[in-house]
Amino acid sequence: MNSKSNAQAMETEKIPRLLAQLAIPAVVAQIINLLYNIVDRIYIGHIPGVGAAALTGVGLFTPILMLINAFAMLAGSGGAPRAAISMGKKDNKTAEKILGNCFAILMLMAAALTVIFFTFAPQLLTMFGASDKTLPYGVDYARIYILGSIFVLIVMGMNPFITTQGFAKISMMTTVIGAVINIILDPIFIFGWFGLPRMETAGAALATVIGQFMGCLAGMLINKKWNPEIPFAFTLKPDWESVREIIKVGFPSTLVQIFTSVVNMAMNAIVITFSSTAVAAFGICTKIQNITTVGVHGITNGLIPIVAYNYGAKQKERIRQSIRYGILYGGGLFLIFFAVLESCPGFVLKLFDASDNLMNIGVPALRILAVAYLLSIPGLIYQASLQGLSLGKESMYISMTRQAILPLVFAFILKWFGNLNLIWVSFVLAELCGIPLAMMLWKRKGEKQIQF
């Protein structure tokens, strides 16, 4: 798709090709981002003499990081689908207005989050489990990252608008540029190369902030040069009616992101009643899930703007077709990983330097959870489709049910049988219940909304 035909292609390009064009750059960006996170932790873990304490301190910053990401999603997931719907109606002025108001929301949130998290970083890290030994490293990382979180919010909040207009490669480049710069600067700042002082975790945070700033700057410059559809025209005088609608659509996604952190802590509390090694196994399986489902999440990122645009253009058959291909592509991409996880889970766990005890717990856990990951694909696709129709509340119902409520309910019941493997089965049962729920909500809400 070239810059002159992007909007038209959203309405006329064959769905299989269009979905691939929007999804592949999203997958690449997520893989690069995962790679950066792994490399970043490797560098921190190798800080001479303090690597273990520094790694723990930075790890305890994760809940705060997830909250920052969640609020960035508020603007992106709330505004981008509405902008795409307006573009489908050939009303680019309204789409531009929505983008400007989302930028205003991001600026207000950046100011509030920076003040709150910077002030209370030591208390929050202590609450999350920091000790006297690990707290200084966590605070050094947190405060520098928080001061630069405005760039994180802009990149995460604005990228969905770029993808919405069909410029998925531009969206990808903002992430890739930031991650590559981060990876280059990490060892320089952390270890004090080229005559610079050794900054340890503060250096890791500074590298991240600079990388995010450069990604943010690149995104704006590239978008300004090659995007004729909705130019960045920011406003610091928001239209509060538009803001209310954006928050109405985006808040459910933010709430799910926040609640997911709580659910992980609650699930750990259940799992630890068996052993601390079981908690470690669950953590590794979660990391493996993030890696192996990256293709599915790339599909959902591409699906949302297609559904939204064609809803605005009143092309209901294209919406239905995009859902079918979303499930087909998502399932096809994950089947490769599914085969690996089922046939050689021990090999995968060894990549994480798993001990013999962890292997005994992790092998059956990974095989069971792989089934849950496969079953999650229809739910994820229907969630994204409802999000594309600005039905954020209905999308939240699916997500909260299959990701949070049912896994905890089943796990709480099954733990009384005293078999750890039944805890992993709770995720499979949750996804089995989630599929008919997702299909029902789509039929009752989604299909009803696209009856033009």
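The shown structure was predicted, so the numbers you read here are calculated from the model rather than taken from an experiment.

Digging into the overall build of the protein chain
Step number 1: Along its length, the protein chain carries 17 helices and 0 strands.
Step number 2: Taken over the C-alpha trace, the protein chain has a radius of gyration of 22 Å; the compact-globule value for 452 residues is 22 Å, and the two agree within 12%.
Step number 3: Here the C-alpha coordinates of the protein chain stretch approximately 60 × 55 × 35 Å along the principal axes.
Step number 4: Per-residue burial over the protein chain gives 54% buried out of 452 residues.
Step number 5: Sequence separation of 24 or more characterises 80% of the internal contacts of the protein chain that already satisfy a separation of 6 or more.
Step number 6: Looking at charge distribution, the protein chain has the averaged site of its 33 positive side-chain charges lying 7 Å from that of its 20 negative ones.

Looking at the pattern of salt bridges
Step number 1: Using the criterion set out here, one finds 5 salt bridges in the structure.
Step number 2: Among the salt bridges present, the one from Arg 198 reaches Glu 200, with a minimum N-O distance of 2.7 Å.
Step number 3: When its relative accessible area of 41% is taken as the criterion, Arg 198 is described as partly exposed.
Step number 4: For Glu 431, the salt bridge identified is with Arg 402, shortest N-O distance 2.8 Å. With Glu 431 in helix 17 (residues 420-449) and Arg 402 in helix 16 (residues 392-414), this residue pair connects regions lying 29 residues apart in the sequence.
Step number 5: The class for Glu 431 is buried, based on a relative accessible area of 8%.
Step number 6: The network of salt bridges with common partners includes Glu 317, Arg 320 and Glu 447.

Re the side chain of Thr 114
Step number 1: As for its position among the elements, Thr 114 is in helix 5 (residues 92-127).
Step number 2: Since its relative accessible area comes to 17%, Thr 114 is described here as buried.
Step number 3: The contact partners of Thr 114, leaving out residues within four places of it in the chain, are Ile 146, Leu 147 and Ser 149.

Some words on the environment of Gly 388
Step number 1: One can find Gly 388 in helix 15 (residues 356-388).
Step number 2: A relative accessible area of 0% places Gly 388 in the buried class.
Step number 3: In this structure the C-alpha to C-alpha distance between Gly 388 and Phe 61, which are 327 residues apart in sequence, comes to 32 Å.
Step number 4: Aside from chain neighbours lying at most four places away, what touches Gly 388 is Pro 81, Ile 85, Ile 304, Val 307 and Ala 308.

A word on a nonpolar patch on the surface
Step number 1: Taken together, the side chains of Ile 405, Val 409, Phe 412, Ile 413, Trp 416 and Phe 417 define a hydrophobic patch exposed on the protein surface, amounting to about 680 Å² of accessible area.
Step number 2: Counting through the fold element by element, Phe 412 comes out in helix 16.

With respect to the nonpolar core
Step number 1: Counting 121 residues, the largest nonpolar core has Phe 61 and Trp 424 as its most contacted members.
Step number 2: Residues within four places of Phe 61 in sequence aside, it is in contact with Leu 125, Tyr 141, Ala 142, Tyr 145 and Ile 146.
Step number 3: Core analysis: the next-biggest nonpolar cluster, separate from the first, contains 5 residues, Ile 162, Ile 170, Ala 218 and Ile 222 among them.

Thoughts on the confidence of the model for the protein chain
Step number 1: In the predicted model, the protein chain carries a mean pLDDT of 84, and 94% of its residues have values of at least 70.
Step number 2: Per-element mean pLDDT across the protein chain ranges from 71 in helix 1 (residues 6-12) up to 94 in helix 17.

Things to note about the packing of helix 4 (residues 62-88) against helix 5
When two helices pack together, you describe them by how their axes are tilted relative to each other and by the distance separating the axes.
Step number 1: At a minimum axis separation of 9 Å, helix 4 and helix 5 run at an interaxial angle of 175°. When the axes of helix 4 and helix 5 are compared, the pair comes out roughly antiparallel. Contact with helix 4, carried on its side by Ile 64, Leu 67, Ile 68, Phe 71, Ala 72, Leu 74, Ala 75, Gly 79, Arg 82, Ala 83, Ser 86 and Met 87, involves Asn 92, Thr 94, Ala 95, Ile 98, Cys 102, Leu 106, Met 109, Leu 113, Phe 117, Leu 124 and Leu 125 of helix 5 and no other residues of that element.
Step number 2: Partitioned by chemical class, the residues of the contact of helix 4 with helix 5 number 18 nonpolar, 4 polar and 1 charged.

Focus on the side chain of Lys 415
Step number 1: Position of Lys 415 relative to the elements: it lies in the loop between helix 16 and helix 17.
Step number 2: Of the side chains with opposite charge, Glu 431 comes closest to the buried, unpaired Lys 415, at an N-O distance of 21 Å.
Step number 3: Not counting the four nearest positions on each side in its chain, Lys 415 is found in contact with Ile 270, Phe 274 and Ile 423.

Comments concerning the state of the cysteines
Step number 1: Scanning the entire structure with this criterion turns up 0 disulfides.
Step number 2: Note on Cys 216: no disulfide assigned, nearest cysteine sulfur contributed by Cys 102 at a separation of 15 Å.
Step number 3: By relative accessible area, which is 7% here, Cys 216 ends up buried.
Step number 4: No disulfide involves Cys 344; its sulfur sits 14 Å from that of Cys 285, the nearest cysteine.

Quick notes on empty space enclosed by the protein
Step number 1: Per the counting criterion, the structure on display carries 1 cavity of 30 Å³ or more.
Step number 2: Approximately 60 Å³ is the volume found for the largest cavity.
Step number 3: Those elements giving two or more residues to the lining of the largest cavity turn out to be helix 7 (149-164) and helix 9 (201-226).
Step number 4: It is helix 7 that provides the largest number of residues to the lining of the largest cavity, a total of 5 residues.

A closer look at the environment of Ile 24
Step number 1: By the secondary structure assignment, Ile 24 is in helix 2 (residues 15-45).
Step number 2: For the pair formed by Ile 24 and Ala 280, sequence separation is 256 residues and the distance between their alpha carbons is 32 Å.

Thoughts on a positive patch on the surface
Step number 1: A surface patch of positive charge is lined by Lys 248, Lys 393, Lys 445 and Lys 448.
Step number 2: Topologically, Lys 448 is positioned in helix 17.

Thresholds, definitions, all that
Residues numbered from 1 in each chain as written. Predicted model: local features only at pLDDT ≥ 70, side-chain atom pairs only at ≥ 80, totals over all residues. Heavy atoms only, no water. Helix = DSSP H or I, 4+ residues; strand = E, 2+ residues; numbered from the N terminus. Rg over C-alpha atoms; globule rule 2.2 N^0.38 Å. Buried < 20%, exposed > 50% of the residue type's maximum accessible area, 1.4 Å probe, protein only. Contact = heavy atoms within 4.5 Å. Lys, Arg positive; Asp, Glu negative; His and termini not counted. Charge placed at Lys NZ, Arg CZ, Asp CG, Glu CD. Salt bridge = Lys/Arg side-chain N within 4 Å of Asp/Glu carboxyl O. Patch = residues over 30% accessible without salt bridge, like charges linked within 9 Å, V, L, I, M, F, W, Y side chains within 5 Å. Areas by Shrake-Rupley, 256 points an atom, 1.4 Å probe, with all protein chains shown as cover. Core = buried A, V, L, I, M, F, W, Y, C linked by side-chain atoms within 4.5 Å. pLDDT = per-residue confidence, 0-100. Axes fitted to C-alpha atoms, helices over the stretch in contact; angles between N-to-C directions. Parallel < 35°, antiparallel > 145°, perpendicular 65-115°, else oblique. Nonpolar A, V, L, I, M, F, W, Y, C, P; charged D, E, K, R; others polar. Disulfide = S-S within 2.5 Å. 1 Å grid on protein atoms, 1.4 Å probe; cavity = no way out; pocket = protein on both sides within 12 Å on 5 of 7 lines; lining within 4 Å. Points joined across faces, edges and corners; volume = space filled by probe spheres on them.

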